[in-house]
Amino acid sequence: QVQLVESGGGLVEAGGSLRLSCAASGSTFSINAMGWYRQAPGAQRELVARISSGGSTNYADSVKGRFTISRDNAKNTVYLQMNSLKPEDTAVYSCDIERRLVGGLIHHYWGQGTQVTVSS
């Protein structure tokens, strides 16, 4: 199985920056896409950023130009660099990895989440 541990969350003032990390351990082979989701209080979970195994990226419109997702395959880690943070970015951020199992079965693994709070 795969275990994910997120880190880097915290309290930051508007306009500041944070860098989230998500390290995968365990059966980390055959990892495909990796992504970051967030869920604000009273809101549904939404996709923030996604990076494919080939390095192509996708971002939510609300974070384009401010957030950057990257990955280090050697470390089985995905990062989310968050700049120009806004109070609306306040949420619990969780990482997700897509793993291809034997026979092509796809399974998603989720981290515990890390709190990001942006003060105004």
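Residues numbered from 1 in each chain as written. Predicted model: local features only at pLDDT ≥ 70, side-chain atom pairs only at ≥ 80, totals over all residues. Heavy atoms only, no water.

Would you mind going over the overall build of the protein chain with me for this structure?
Helix and strand content of the protein chain: zero helices and 11 strands. The secondary structure elements of the protein chain, listed N-terminal to C-terminal, are β-β-β-β-β-β-β-β-β-β-β. For the protein chain, whose C-alpha radius of gyration is 14 Å, the value lies close to the compact-globule estimate of 14 Å for 120 residues. For the protein chain, the C-alpha atoms occupy an extent of roughly 50 × 25 × 25 Å along the three principal directions. Buried residues in the protein chain amount to 42% of all 120 residues. (Helix = DSSP H or I, 4+ residues; strand = E, 2+ residues; numbered from the N terminus. Rg over C-alpha atoms; globule rule 2.2 N^0.38 Å. Buried < 20%, exposed > 50% of the residue type's maximum accessible area, 1.4 Å probe, protein only.)

Explanation requested: the pattern of salt bridges in the structure shown.
Two side chains bearing opposite charge may form a pair once their charged atoms approach each other closely. For the structure shown, the criterion picks out five salt bridges. One salt bridge in this structure joins E46 and R38, with 2.8 Å as the shortest N-O distance. Judged by relative accessible area, E46 falls into the partly exposed class, the value being 34%. By relative accessible area, R38 is classed as buried at 5%. Linked by salt bridges that have partners in common, R38, E46, R66 and D89 make up one network. (Salt bridge = Lys/Arg side-chain N within 4 Å of Asp/Glu carboxyl O.)

So what exactly am I meant to see when it comes to the sheet that holds strand β7 (residues 67-72) here?
Either a parallel or an antiparallel arrangement is found when strands of a sheet pair, and the pairing is made through backbone hydrogen bonds. Spatially, the four strands line up as an open sheet ordered β1-β3-β8-β7, and their pairing is antiparallel. Either end of the sheet is taken by a strand with one partner, and the two such strands are β1 (2-7) and β7. Within the sheet, the average angular offset between the axes of one strand and its neighbour, ignoring direction, is 15°. Bridge analysis of strand β3 (residues 18-26) against strand β8 (residues 77-82) gives six bridges, and the strand direction is antiparallel. Of the residues in β8, the one forming a bridge with S21 is Y79. (Pairing = 2+ DSSP bridges. Axes fitted to C-alpha atoms, helices over the stretch in contact; angles between N-to-C directions.)

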